[in-house]
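One-letter residues, chain by chain:
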Amino acid sequence: MVVILYIFAALEFIGGIGVLVGSKDAIREIVGTLLVGFSIITVGLAGILAEVAWGRKLLERQVVWSRKLLETQMARSDKLSEEQRPQAAAQEDTPTTYRGYTYLVGENGVVLKLKDRGLRHFSSEEEAIAYVDSITGGVSR
């Protein structure tokens, strides 16, 4: 369609120049000027259509590429999760007991379970042990 518009614009331009060159009165000059003007508008329209078609093709390619990328990432994610399941099972947090107090060491610190069923958070395991020692007076219960 773009090629047809370019051909039509060229014919309009040639016709408009022909009318202008052979014009002997004002009406022919106006018609020739209009033909040249319409040929310029037609070229602009053809350029816009070509740009829209190019953008659409690019968008379609990007959609296909994004879909392939997503499928690849999902396949990798499934593969990694299968490989990491044994590691995750081995890394599960198991509570530890010190002098009758149970605590859990995690990424964000230590959580100590108190005798009154409350919880206390510490930034390190050493702090939790020191706290238990201060409560118990260093004696195992």
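Source: prediction; values computed, not measured. (Residues numbered from 1 in each chain as written. Predicted model: local features only at pLDDT ≥ 70, side-chain atom pairs only at ≥ 80, totals over all residues. Heavy atoms only, no water.)

A. A look at the overall build of the protein chain. A tally of helices and strands in the protein chain yields 3 helices and 4 strands. Put simply, the protein chain runs from its N terminus to its C terminus through helices and strands in the order α-α-β-β-β-β-α. For the protein chain, buried positions account for 15% of its 141 residues. The contacts of the protein chain with a sequence gap of at least 6 include a subset with a gap of at least 24, amounting to 34%. (Helix = DSSP H or I, 4+ residues; strand = E, 2+ residues; numbered from the N terminus. Buried < 20%, exposed > 50% of the residue type's maximum accessible area, 1.4 Å probe, protein only. Contact = heavy atoms within 4.5 Å.)

B. Layout of the sheet that holds strand β2 (residues 101–106). Overall, antiparallel pairing links the 4 strands, which are arranged β1-β2-β3-β4 in an open sheet. Each edge of the open sheet is held by one strand with a lone partner, namely β1 (96–98) and β4 (119–122). Looking at each pair of strands side by side, their axes are set apart by 30 degrees on average, direction ignored. Note: strand β3 (residues 109–113) against β4, 4 bridges, orientation antiparallel. (Pairing = 2+ DSSP bridges. Axes fitted to C-alpha atoms, helices over the stretch in contact; angles between N-to-C directions.)

C. Expanded view of the pattern of salt bridges. What the rule picks out here adds up to 2 salt bridges. Measuring nitrogen to oxygen at the nearest pair gives 3.4 Å for the salt bridge that ties R56 to E60. Here R56 pairs with E60, and both are found in helix α2 (residues 26–90), just 4 residues apart, close to one helical turn. R56 sits in the exposed class, given a relative accessible area of 58%. The partner of R99 in a salt bridge is D133, and the shortest N-O contact between them spans 3.0 Å. With R99 in the loop between β1 and β2 and D133 in helix α3 (residues 125–136), the pair connects residues that are 34 residues apart, well separated along the chain. (Salt bridge = Lys/Arg side-chain N within 4 Å of Asp/Glu carboxyl O.)

D. α3, seen in detail. Counted at 1.5 Å a residue, the expected span for α3 with its 12 residues is 16 Å, and the 17 Å between its end C-alpha atoms agrees. Within α3, burial applies to A128, V132 and T136. Each buried residue of α3 lies within a common arc of 65 degrees when the element is viewed along its axis, so the set occupies one face. Residues of α3 that are exposed and point more than 90 degrees away from the buried face comprise E126 and S134. Structurally, α3 contributes buried residues whose contacts are with β1, β2, β3 and β4. (Expected span 1.5 Å × (residues − 1). Arc of directions from axis to C-beta.)

So far we have only geometry, and geometry alone does not tell us how the molecule works.
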